Amino acid sequence: MSDVQEFEFDLMIALPAGERDEDAMLDALFEAGCDDAIVGTGAAGIVALGFIREGSDAEAVIAEAVGQALKGLPEGATLREVRPDLVSLADVAARLQVSRQALQKREMPPPSLGGLYRVTEMVRYLEGQPGKIRDGVSKAAPWFAAAPAAQKINAQLGLSD
């Protein structure tokens, strides 16, 4: 049996066209089990949900959150992306609480797409770094732990389009 650990991830969900009662949507998400989510509605037609959840398998934890979110959102809502997967150096620096320049001075994996890096590839480069970077990796462990499942789910989403 695997150990229980924390996973930190975000769900980006596209909403169907139409008027939105934001308060009703937030209530429905709460009732559907997303009472632990930080909800963002700043982008038109997209709702972002940020989670920190425990479990023994990141993919199962994320799948449960997706099911709850889709249950609480209007019919026709679709999962667009799970994060973290592709990230900028600025994203990683913010997680590690270091400057982007501190990361630019270090050996990194080659970018995957348009200057973005796969979180799953960055971990092994970052874990061996000294001081604040290594400490930051430890503190951001739940975010890094969710990355392989996010990458797998995003690949499945891409194949289903």
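The shown structure was predicted, so the numbers you read here are calculated from the model rather than taken from an experiment.

J.: Got a minute to help me understand the pattern of salt bridges in this structure?
T.: If charged atoms from side chains of opposite charge come close, those side chains can pair. Applying the stated rule across the entire model yields 5 salt bridges. Arg 95 serves as the salt-bridge partner of Glu 8, at 2.5 Å between the closest nitrogen and oxygen. Separated by 87 residues along the polypeptide, Glu 8 in strand β1 (residues 5-14) and Arg 95 in helix α3 (residues 89-96) bring together distant segments of the chain. Of the residues examined, Arg 95 reaches a relative accessible area of 28% and is grouped as partly exposed.

J.: What am I meant to see in the side chain of Asn 154 here?
T.: Inspection of the secondary structure assignment puts Asn 154 in helix α7 (residues 141-160). Look past the residues within four positions of Asn 154 in its chain and what remains in contact with it is Glu 81, Val 82 and Asp 85.

J.: What should I look at first to understand the environment of Leu 79 in this one?
T.: Position of Leu 79 relative to the elements: it lies in strand β4 (residues 78-83). On the basis of relative accessible area, Leu 79 is assigned to the buried category, the value being 14%. Measuring from C-alpha to C-alpha, the distance between Leu 79 and Gln 101 comes to 33 Å, with 22 residues separating the pair along the chain. Ignoring anything within four residues of it in the chain, the contact list for Leu 79 reads Leu 11, Met 12, Ile 13, Val 66, Leu 70, Ile 153 and Leu 157.

J.: Help me out: how do you make sense of helix α6 (residues 131-139) in this one?
T.: Since the α-helix advances by 3.6 residues per turn, residues separated by three or four positions end up pointing in the same direction. Within the span of α6, buried status applies to Ile 133, Gly 136 and Val 137. The arc enclosing the buried residues of α6, seen along the axis, measures out at 105°, which places them on a common side. Turned more than 90 degrees from where α6 packs its buried face, Lys 132, Ser 138 and Lys 139 sit exposed. Of the surrounding secondary structure, the elements contacted by the buried residues of α6 are α3, α4 (100-104), α5 (119-127) and α7.

J.: Whenever I open this one, the sheet that holds β1 confuses me. Can you help?
T.: Consider a sheet: its strands pair through backbone hydrogen bonds, and that pairing is either parallel or antiparallel. An order of β2-β3-β1-β4 is seen for the 4 strands of this open sheet, with the pairing classed as antiparallel. In this open sheet, the two edge strands, each paired with only one partner strand, are β2 (38-40) and β4. Geometrically, the sheet is characterised by an average inter-axis angle of 25° between neighbouring strands, direction not taken into account. Summarising the sheet, β1 and β4 pair through 5 bridges and their orientation is antiparallel. The residue of β4 that forms the bridge with Ile 13 is Leu 79.

J.: Mind showing me how you'd approach a negative patch on the surface here?
T.: Negative charge collects at one region of the surface, where Asp 21, Glu 22, Asp 23, Asp 27 and Glu 31 lie side by side. With respect to the secondary-structure elements, Glu 31 resides in helix α1 (residues 22-31). By relative accessible area, which is 65% here, Glu 31 ends up exposed.

J.: What should I look at first to understand the layout of surface pockets in this one?
T.: Using a probe with the size of a water molecule, rolled over the atoms, empty space left in the structure can be pinpointed. Size it by volume and the largest pocket reaches roughly 150 Å³. Together, Asp 10, Glu 81, Arg 83, Pro 84, Asp 85, Leu 86, Val 87, Asp 91, Arg 95 and Trp 143 line the largest pocket. Contributing elements (two or more residues each) for the lining of the largest pocket: β4, β5 (86-87) and α3.

J.: Any chance you could explain unusual backbone geometry here in plain terms?
T.: Trans is the common state for peptide bonds, and a negative phi is the common state for residues other than glycine. Residue Arg 83 is joined to Pro 84 through a cis peptide bond whose omega torsion reads 15°. Phi is positive for Gln 97, which is not a glycine, with a value near 60°.

What counts, and where the lines are drawn
- Residues numbered from 1 in each chain as written.
- Predicted model: local features only at pLDDT ≥ 70, side-chain atom pairs only at ≥ 80, totals over all residues.
- Heavy atoms only, no water.
- Salt bridge = Lys/Arg side-chain N within 4 Å of Asp/Glu carboxyl O.
- Helix = DSSP H or I, 4+ residues; strand = E, 2+ residues; numbered from the N terminus.
- Buried < 20%, exposed > 50% of the residue type's maximum accessible area, 1.4 Å probe, protein only.
- Contact = heavy atoms within 4.5 Å.
- Arc of directions from axis to C-beta.
- Pairing = 2+ DSSP bridges.
- Axes fitted to C-alpha atoms, helices over the stretch in contact; angles between N-to-C directions.
- Patch = residues over 30% accessible without salt bridge, like charges linked within 9 Å, V, L, I, M, F, W, Y side chains within 5 Å.
- Areas by Shrake-Rupley, 256 points an atom, 1.4 Å probe, with all protein chains shown as cover.
- Lys, Arg positive; Asp, Glu negative; His and termini not counted.
- Charge placed at Lys NZ, Arg CZ, Asp CG, Glu CD.
- 1 Å grid on protein atoms, 1.4 Å probe; cavity = no way out; pocket = protein on both sides within 12 Å on 5 of 7 lines; lining within 4 Å.
- Points joined across faces, edges and corners; volume = space filled by probe spheres on them.

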